[in-house]
Amino acid sequence: MFKEYLVYSISGINILSTILLIIIFFYWILSLLGIISSSDIDIDFGLDDFDLDIDGDGIYDINTHNPFVKILSFGNFGVVPFMFYMTIYIAYLWTLTMLTFYIKLNPSSFIAIIIFLINFIISFFLTKYTIVPLIPFFQGLEENIEFNPLGKIGILTTDLQINRLGTIKILGEKGREVILNVMSKEINYKKGDKVLILEKIENRDVYLVATIK
């Protein structure tokens, strides 16, 4: 059965949603490893009145000046991080695509293309309503965008070994907790240790920490 699913997922029109899912999967793997971040994503839709601005935290803004952009805004495109939005959308699209396996649909047929387009639209609405309860959370993150953690003292939420990634918890704007990726160059630390945030590593969302003096 697994082999049949695999073959079906890369057959005909289905390969589009499968490729998108693979791209999203590798994005999150590289993001967890600290190799890339949302600030590395530069998107240009080629529309003069479509202003997509992705900052280091993945929050972005859109200007709704034409019908296409208004449709995106209707789908809550712009209120959560771009890659988070796309992850939910592509997961829905791939799932709906694979459900056609049970109706014995030929993925290379014309009707398969029509159904794929329908699933494309259905996924848009499913994503719109899925992220609604998450909007307050991401709005809280957006308020912390301008927060500068340099020179702040935080508590490690993981053990931190030399040249290995860990995480730290500090207080951001309005008393909200902020979790940051951190690294130590000289000393190993234990979870719960208090450390000082020294500087941000260039081109990475990772901060160097040191012992409080």
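Scoring rules and cut-offs
- In this convention, every chain numbers its residues from 1, walking through the sequence in written order.
- Totals for whole chains, interfaces and linings use every residue, but because this is a predicted model, local features are given only for residues with pLDDT of at least 70 and side-chain atom pairs only at 80 or more, for both listing and counting.
- Side-chain calculation: all heavy atoms of the structure are included, whereas hydrogens and water are not.
- Secondary structure elements follow DSSP: runs of H or I of four or more residues count as helices, runs of E of two or more count as strands, with numbering from the N terminus.
- Here, expected helix span is obtained from the residue count minus one, scaled by 1.5 Å.
- Categorising residues by exposure relies on relative accessible area from a 1.4 Å probe, with only protein chains included: less than 20% of the type maximum marks a residue as buried, more than 50% marks it as exposed, and the intermediate range marks it as partly exposed.
- DSSP calls a pair of strands paired once it identifies at least 2 bridges connecting them.
- Simply put, an axis is a line fit to the C-alpha atoms, just over the touching stretch for a helix, and the angle between two N-to-C directions goes from 0 to 180 degrees.
- Any N or O atom pair separated by 3.5 Å or less is treated as a polar contact, with the protein-specific requirement of one donor-capable and one acceptor-capable atom, and with residues adjacent in sequence counted only for side-chain atom pairs.
- Lining residues are defined by having an atom within 4 Å of a point belonging to a cavity or pocket. Those points lie on a 1 Å grid over the protein atoms alone, cavities being sets where a 1.4 Å probe fits but cannot get out and pockets being open sets with protein on both sides within 12 Å along at least five of seven lines.
- Grid points are joined across faces, edges and corners, and a volume is the space filled by probe spheres set on the points.
- Amino acid classes used here: Ala, Val, Leu, Ile, Met, Phe, Trp, Tyr, Cys and Pro are nonpolar; Asp, Glu, Lys and Arg are charged; the rest, including Gly, are polar.
- For this classification, under 35 degrees means roughly parallel, over 145 means roughly antiparallel, 65 to 115 means roughly perpendicular, and everything else is oblique.
- Helix crossings get a hand from a simple test, with the near helix turned counterclockwise from the far one by less than a right angle marking a left-handed crossing and a clockwise turn marking a right-handed one.
- We call two residues contacting when some pair of their heavy atoms lies within 4.5 Å.
- The definition of a nonpolar core used throughout is a set of buried Ala, Val, Leu, Ile, Met, Phe, Trp, Tyr and Cys residues joined through side-chain atoms within 4.5 Å.

Enquirer: I tried to follow helix α5 (residues 110–130) on my own but got confused; where do I start?
Expert: Each α-helix winds once per 3.6 residues, and so residues spaced three or four apart point in a common direction. In this model, α5 (21 residues) spans 30 Å end to end at C-alpha, consistent with the 30 Å of a helix rising 1.5 Å per residue. Taken together, the buried positions of α5 are occupied by Ala112, Phe116, Asn119, Ser123, Phe124, Thr127 and Lys128.

Enquirer: Sorry, what's going on with the sheet that holds strand β3 (residues 153–156) here?
Expert: Sheet strands associate in pairs through backbone hydrogen bonding, adopting either a parallel or an antiparallel arrangement. Reading around the barrel, the five strands line up as β3-β4-β5-β7-β6 and close back on themselves, with mixed pairing between neighbours. Sheet twist, expressed as the mean angle between neighbouring strand axes with direction ignored, is 55°. For strand β6 (residues 194–200) and strand β7 (residues 206–211), the ladder comprises five bridges, and the chain directions are antiparallel. Each bridged residue has a counterpart across the sheet, and for valine 195 the counterpart in β7 is threonine 211.

Enquirer: Quick question: what am I supposed to make of the side chain of serine 9 here?
Expert: In this fold, serine 9 is placed in helix α1 (residues 2–9). Polar contacts involving the side chain of serine 9 include one to the main-chain carbonyl oxygen of leucine 6, which spans 2.7 Å.

Enquirer: Would you take a moment to explain empty space enclosed by the protein for this structure?
Expert: Scanning the model with the defined rule gives one cavity of 30 Å³ or more in all. Put simply, the largest cavity is a space of about 40 Å³. Taken together, Ile13, Asn14, Thr97, Thr100, Leu105, Ala112, Ile115, Phe116 and Asn119 make up the full set of residues lining the largest cavity. For the lining of the largest cavity, the element with the highest residue contribution is α5, accounting for four residues. Taken together, the residues of the lining of the largest cavity sort by class into five nonpolar, four polar and no charged.

Enquirer: Is there a simple way to think about the packing of helix α4 (residues 82–99) against α5 in this case?
Expert: Packed helix pairs are characterised by how far apart their axes lie and by the angle those axes make with each other. One way to put it is that α4 packs onto α5 with a least axis distance of 8 Å and a crossing angle of 135°. Taken together, the axis directions place α4 and α5 in an arrangement best described as oblique. Two packed elements cross with a definite hand, and for α4 against α5 that hand is right-handed. Between α4 and α5, the contacting residues are Tyr85, Ile88, Tyr89, Tyr92, Leu93, Leu96 and Thr97 on the first element and Phe116, Asn119, Phe120, Ile122, Ser123, Phe124, Leu126, Thr127 and Thr130 on the second. When the residues that make up the contact of α4 with α5 are grouped by side-chain class, the tally is eleven nonpolar, five polar and no charged.

Enquirer: Help me understand helix α2 (residues 14–32) in this model?
Expert: The end-to-end C-alpha distance of α2, which contains 19 residues, comes to 28 Å, matching closely the 27 Å that a straight helix rising 1.5 Å per residue would cover. Residues of α2 that are buried: Asn14, Ser17, Thr18, Ile24 and Tyr27. Elements in contact with the buried residues of α2: α1, α4 and α5.

Enquirer: Explain the nonpolar core to me, please; I cannot follow it from the model alone.
Expert: Taken as a class, soluble globular proteins show a tendency for nonpolar side chains to be buried jointly. Counting 21 residues, the largest nonpolar core has Tyr8, Phe77, Met83, Tyr85, Tyr89 and Ile131 as the members making the most contacts within it. Elements that contribute at least two residues to this core include exactly α2, α4 and α5. Looking at this core element by element, the count peaks at eight residues for α4.

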